[in-house]
Amino acid sequence: MKKKSSVLLIYTGGTIGMMQDLRSGELKPFDFKALAQQIPELNKFDIALSSIAFKKPIDSSNMQPQVWVELAETIEKNYNKYDGFVILHGSDTMSYTASALSFMLENLSKPVVLTGSQLPIGTIRTDGKENLITAIEIAAAKEKGKPIITEVCIYFEYKLYRGNRTFKYNSQHFDAFKSPNYPALAEAGVHIDYNRNALLKPKGKKLKIHISLNNDIAVLKLFPGINQQITSAIINAPNVRAIIIETFGAGNASTQDWFIAELKRAINKGIIILNITQCLEGKVIQGMYETSSHLKKLGVIGGADMTFESAITKLMFLLGQKLNNTQIKKLLGNNLRGEINI
Ligand code: ASP
């Protein structure tokens, strides 16, 4: 007899499990039992489902790296017991969590699918039911006894995406995520149609989790008229180990002397500077314009087509390892988990 697939559901909070506070009208996270009661369909699955709920479910705007560590450890502890994992999570920071987990779970060979919803599961028009049910089906899906998906993904509104390629782009539509620089991994219609060529292949090595993350990172979003004093305060903030500069177009920035001098001073202090474009699609090509050649000469690292979410969590991950700056700079530009096209 074919063995049933088993899936572990990890509930962290988010709108999917929220209910309206009768007095204030605010949406607040609710416990997992209340959520499960709203989906009797879960009992009809031919999948062995278990669940773990965080003691205090959170709105994902309160997400912290410590919770990512808890998630990675929960997955490691249960890795051999289940065929796949579904993480219920608020959509606001879901792309950050998915990106962080992709780096923290090295040699992943089972599906980790994050999902949530824009409307609470108790509301009539909720998008939560379909999202959750299909996410579970994907986490349980096997072919010739092997899991089809072996990476960290986001399932939302009929599409499965590589988590570290996504960002939340719409706060109101059910179709809340975009992955402009990488195709969807699957689309759910009558059948779940997997985009086989786009999937990451398992490495065949043992899962190794990385739980040391370093968040000594500053972000400088450029705009015409950016103030030197404020720029300098950001770059020279105490303990900064890396700075992401969010540049224009294909990675371009001002060539004003003071700006170059600030970057130079930071680089001389050993601060790593990563260049990510403000454009949502396309990539950083340092040297394409005169307005990015100076960055390349200074030693700024080009982030190619990485999302901001991926760039910041990749930096947290790399800064947390025992690596020197040369190694970190090299790895930033390398493809570690399908997050960058080089
Ligand atoms: N504020 C909510 C959260 O991220 C929004 C959602 O779940 O969609 O937790």
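Look up a bit, the structure's there.
Residues numbered from 1 in each chain as written. Predicted model: local features only at pLDDT ≥ 70, side-chain atom pairs only at ≥ 80, totals over all residues. Heavy atoms only, no water.

Caption draft 1: Broad picture of the overall build of the protein. On a plain count of helices and strands, the protein comes out with nine helices and 20 strands. In terms of C-alpha radius of gyration, the protein reaches 21 Å, essentially the compact-globule figure of 20 Å for 342 residues. With respect to the principal axes defined by its C-alpha atoms, the protein has extents near 70 × 55 × 35 Å. Put simply, 74% of the contacts in the protein that link residues at least 6 apart link residues at least 24 apart. Surface accessibility of the protein: about 16600 Å² in total, with carbon and sulfur atoms responsible for 51%. Both charge centroids of the protein, one from 41 positive and one from 30 negative side chains, sit 7 Å from each other. (Helix = DSSP H or I, 4+ residues; strand = E, 2+ residues; numbered from the N terminus. Rg over C-alpha atoms; globule rule 2.2 N^0.38 Å. Contact = heavy atoms within 4.5 Å. Areas by Shrake-Rupley, 256 points an atom, 1.4 Å probe, with all protein chains shown as cover. Lys, Arg positive; Asp, Glu negative; His and termini not counted. Charge placed at Lys NZ, Arg CZ, Asp CG, Glu CD.)

Caption draft 2: Structural detail: the sheet that holds strand 20 (residues 301-302). Ordered by their spatial adjacency, four strands build an open sheet running 17-18-19-20, and the pairing between neighbours is parallel. Two strands lie at the open edges of the sheet, namely strand 17 (217-221) and strand 20, each paired on one side alone. As paired strands, strand 17 and strand 18 (residues 242-247) are joined by five bridges and run parallel to one another. The residue bridging K221 from the neighbouring strand is E246, located in strand 18. Sheet strands in contact with helix 8 (residues 308-320) are strand 17, strand 18 and strand 19 (272-277), and its direction is about 165° off that of strand 18. On the sheet, helix 9 (residues 325-333) packs against strand 19 and strand 20 and is oriented at approximately 10° with respect to strand 19. (Pairing = 2+ DSSP bridges. Axes fitted to C-alpha atoms, helices over the stretch in contact; angles between N-to-C directions.)

Caption draft 3: Examining the packing of helix 3 (residues 94-104) against helix 8 more closely. Between helix 3 and helix 8, the shortest axis-to-axis distance is 8 Å and the interhelical angle comes to 40°. Considering their axes alone, helix 3 and helix 8 lie oblique with respect to each other. Seen along the crossing, helix 3 lies across helix 8 with a hand that is right-handed. Residues S95, Y96, S99, A100 and F103 of helix 3 lie in contact with helix 8, whose contacting residues are F308, E309, S310, I312, T313, K314 and F317. (Parallel < 35°, antiparallel > 145°, perpendicular 65-115°, else oblique. Left-handed = near helix turned anticlockwise from the far one by under 90°.)

Caption draft 4: Quick peek at the site of the ligand. Taken together, G14, T15, M18, D59, S60, G90, S91, D92, S117 and Q118 form the complete shell of residues around the ligand. Between an oxygen atom of the ligand and a side-chain N or O atom of T15, the distance comes to 2.8 Å. Contacts to the ligand include D92, whose side-chain N or O atom sits 2.8 Å from a nitrogen atom. The protein chains hide 91% of the 270 Å² of surface that the ligand would expose on its own. (Near = heavy atom within 4 Å. Polar contact = N/O pair within 3.5 Å; in protein donor to acceptor, adjacent residues only side chain to side chain.)

Caption draft 5: Main features of a nonpolar patch on the surface. Among the surface-exposed residues, I285, M288 and Y289 lie close enough to one another that they form a single nonpolar patch of about 300 Å² accessible area. Relative to the elements of secondary structure, I285 occurs in the loop between strand 19 and helix 7 (290-298). Residue class for I285 comes out partly exposed when judged on its relative accessible area of 38%. (Patch = residues over 30% accessible without salt bridge, like charges linked within 9 Å, V, L, I, M, F, W, Y side chains within 5 Å. Salt bridge = Lys/Arg side-chain N within 4 Å of Asp/Glu carboxyl O. Buried < 20%, exposed > 50% of the residue type's maximum accessible area, 1.4 Å probe, protein only.)

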